[in-house]
Amino acid sequence: MPEDPSPSLTPRRRASAARSRGWLQDRLDWLKVRRHWMTLVGIVAALILLLVLGTFAYAFATLPDPSRLDLAGGDIQIVDRHGTLIEQRNAEGVRVIPVKLNEISPKLRNATIAVEDRHFFQHHGVDWGRVIKAGVVDVITRRPQQGASTITEQLAKIAILQSPKKTILRKLREAMVATALESKYSKDEILRLYLNSIYYGHRATGVEAAAEVYFGKHAKDLTLGEAALLAGLPNGPTYFDPALHKDRALARQAVVLDAMVNNDMISAAQAEQAKNEPLKLVFKENRSSQAPHFVDYVFEQLESTYGPSAVNKGGFSVKTTLDLNLQKAAEQAVAVGQQKLGPLGADNGDFLAMDPKTGEILAMVGSADFLNDNIKGQFNVVTGLRQPGSSFKPYAYEQAFRSHKLTMGNMLDDTSRHFAGGQFHDFDFRDMGMITAHQALLLSRNIPALETMQTAGVDNVVNFAHDMGITTQLKSEVTTAIGSSEVRMLDHAVGYGVFATGGVRHDPVSVLEVKDKDGNTLDKPSAPGGKQVISAQEAYLITYILKDYSSQWNLGWKKPFAGKSGTTNNYRDAWMMAYAPNLVIGAWVGHTGPGNQDMNGVYGTMVGSSVLKDFINNGLTQAHFNVETFKRPDGLIDGPPCASNANVTPSSSPSPSPSSGSSTSAEKDLYLPGTECKPAPTPSPSPTPSPSDLLSPLPSIVPSGITPSPSPTPVPSSSPTPSGSPAGSPKPS
């Protein structure tokens, strides 16, 4: 019999065989999983392909006839929140004056091609190179950043595709129609149709109408500078409107001229000469509107959302947030302000009302007289930049309170001194000494505000103001606390709205719904959600102080509004902001006409006791608007002022007092839990004068019946005034 295999070798062979079988099994299992995933990927790819093919099929099946060029635009109706007509823009009349291509200046033709579609004569309706580039840029920036529409695609959108809403399906159909148009019409015909149907703003459709409206001449007679200006407008007729935003229009003109240079249409010298060419704008148009500044603002929003071409096509109605009853009350209030403050040099004014709970704009008066060119009446001051003066102070105090760097019971030193290399005084040349932060804000003292800014941290306050709604750049300087950085009233109202709502920010909203001519809803923009910026307790600290502003400064308001005024250097700007839980309002007066831009002693509280007083006491009643009252949130602690800052220590057992506390703000301060002051160990040796006793006499220039503004702040226009210079002169901020 053969010998058995060696016992020591048998287990090894078995183990090797087992390993081989295990590896093979693992390989087979992996291949099964791979086939499974490949099957799933194939199914998903097939579904995506079917979806794409289905989209193409649907787009093609519903494609309008490219031969049906409808260049006649429809009416655009702008209505208020109740459906009452504000303004109707008719697509006929002065807006459309068709001309032949040889009746259009070659300068304008070249300018349009250079800035809108430089490959116009090379592509066949769609510039795929631009499409790919725009797609890459949009992916990198994660938002629509670049447009890629050709002139032919824009013509397709204007003449055939009539939905204002931007969708992928619409872009696909737009490309299909553009390709069809290229097969039917020559390049010159497409360019002629485009230049006769594009919207240039100011109720002018087509280049001939635009040339007459803007320059009072024919399109064939345009200079290079004029042609470049017009060629830049279709990208944003309201945004680049030279009547409202001349700086933007000229910047856009420069972009057009540079594009012409890059495409060898003109020389660099010709471009520079055109940029320096004086433009004689005439703006020959007729207009009837119940809220022209607001309508222009709405059109800017529409153009941004749907594109200028779709908006120009018209044939739809826009339901806005405006309340015409409040709008009329606002216009009346501005007129009252002009009547009372006009003799002191205030030839212009604005007004804004917003719902802080939604951000909806309820009234907007951009100037005292839209048709008055002497005061640049078509410029909307509500959306323009102005120094806010002391109306900026609440942001500095709120940041100090919420970061526990300061409480309203802390003592601040109201003594003239240096800040950031400059000597600062209050307008009355008086030092109140040690006062609480509560008193300092209520009396709008400037030195304590600068001290608060330093305590809270300049950059912390700047960042906080941006969180509150200020969108413009703020200087990282201590003087920003007293209003040296320019802001927009629209943003300022959003910021004050955060105090009104108990800490929730709602950005501006102007459009509620867009319907077609048959009443079908084309778009209903979703209201942006609110952002909790600060807690209800933190917000109420500022409200608790500012709700007494009207009584402190004898503004005469008969409804419960909190408020804050602001006045800038040499009485250049006078502001008054106010808010209730369901309404934020703001007004400004200034001098924008010929001559010196400074007014003669117009303070912010004078705006409060004229413009806002009329709106609050009369306008709101006539509009049947009910003002809600403030409710103190739970979680705040009543306490006495601090005898000195050394007493600022957490109490041993803080207990929030009930919201129905009966003490007045003159008897107590409010604190976030754990920040309240301990009572002074010994009584003060002498009573502190009441705030009203410490105010300086009224300036003699103030007319009878008008109370001056608190604490005009010396805001330097560029840098603080060095010590020893006349910085202490009464210059309001």
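Residues numbered from 1 in each chain as written. Predicted model: local features only at pLDDT ≥ 70, side-chain atom pairs only at ≥ 80, totals over all residues. Heavy atoms only, no water.

(A) Local environment of the nonpolar core. The biggest cluster of nonpolar side chains holds 128 residues, and the ones touching the most others in it are F351, F561, Y579, I585, L612 and F615. With eight residues, helix α18 (residues 489-500) is the single largest residue contributor to this core. If we skip the residues at most four places from it in the chain, Y579 touches Y496, F499, A500, I542, T543, L546, P560, F561, A562, V584 and F630. In this structure, A156, V213, L222 and L229 belong to the second largest nonpolar core, which totals 50 residues. (Core = buried A, V, L, I, M, F, W, Y, C linked by side-chain atoms within 4.5 Å. Buried < 20%, exposed > 50% of the residue type's maximum accessible area, 1.4 Å probe, protein only. Helix = DSSP H or I, 4+ residues; strand = E, 2+ residues; numbered from the N terminus. Contact = heavy atoms within 4.5 Å.)

(B) Geometry of the state of the cysteines. For the structure shown, the criterion picks out one disulfide. One disulfide bridge connects C642 with C677, the sulfur atoms lying 1.5 Å from each other. Taken as a pair, C642 in the loop between β19 (637-639) and β20 (669-671) and C677 in the loop between β20 and α22 (691-694) lie far apart in primary sequence, 35 residues in all. Assigned by exposure class, C642 and C677 land together as buried. (Disulfide = S-S within 2.5 Å.)

(C) How the structure looks around the pairing of strand β2 (residues 85-89). The sheet contact formed by strand β1 (residues 76-79) and β2 spans four bridges and is antiparallel. Its bridge partner being in β2, V79 is matched across the sheet by L85. The loop that links β1 with its antiparallel partner β2 comprises five residues; one of these, G83, has a positive phi angle of about 90°. (Pairing = 2+ DSSP bridges.)

(D) Broad picture of the sheet that holds strand β18 (residues 583-590). Strand order in this open sheet of five strands is β5-β4-β18-β17-β16, and the pairing throughout is antiparallel. Only two strands of the sheet have a single partner each, and these edge strands are β5 (361-365) and β16 (562-567). With direction set aside, neighbouring strand axes in the sheet form an average angle of 10°. Bridge count for strand β4 (residues 348-354) against β5 is four bridges, and the pairing is antiparallel. Pairing of M354 across the sheet is with I361, part of β5. (Axes fitted to C-alpha atoms, helices over the stretch in contact; angles between N-to-C directions.)

(E) Highlighting the environment of V334. Turning to its location among the elements, V334 is positioned in helix α13 (residues 324-341). A relative accessible area of 4% means that V334 is categorised as buried. Considering only alpha carbons, one finds V334 and N348, 14 residues apart in sequence, at a separation of 8.7 Å.

(F) Examining the packing of aromatic side chains more closely. Overall, the coordinates contain 16 aromatic pairs when judged by the stated rule. Ring plane angle 40° and centroid distance 6.2 Å describe the contact between Y540 and Y544, whose orientation is recorded as tilted. A residue pair is termed a helical-turn pair when its members lie 3 or 4 positions apart in one helix, as Y540 and Y544 do in helix α19 (residues 536-546) at four residues. The residues Y540 and Y544 share a single accessibility class, namely buried. Here the aromatic residues F392, Y395, Y496, F499, Y579 and F630 are joined through ring pairs into a cluster of three or more. Here the basic side chain of K187 rests over the ring of F120, its NZ or CZ set 4.6 Å away from the ring centre. The ring of Y239 has R248 sitting right over it, with the charged end atom 4.0 Å from the ring centre. (Phe/Tyr/Trp six-rings, centres within 6.5 Å; stacked < 30°, edge-to-face > 60°. Lys NZ or Arg CZ within 6 Å of the ring centre and 35° of its normal.)

(G) Molecular detail of the pattern of salt bridges. If you walk through the whole model with that rule in mind, you get 17 salt bridges. Where K547 meets D548, a salt bridge forms, and the shortest distance between an N and an O atom there is 3.8 Å. R572 is paired through a salt bridge with D598; the nearest N and O atoms lie 2.7 Å apart. Residue R572 is located in the loop between β16 and β17 (573-580), and its partner D598 is located in the loop between β18 and α21 (604-622); the two are separated by 26 residues in the primary sequence. The class of R572 is partly exposed, set by a relative accessible area of 32%. One salt-bridge network, in which partners are shared between bridges, spans D258, E272 and K275. (Salt bridge = Lys/Arg side-chain N within 4 Å of Asp/Glu carboxyl O.)

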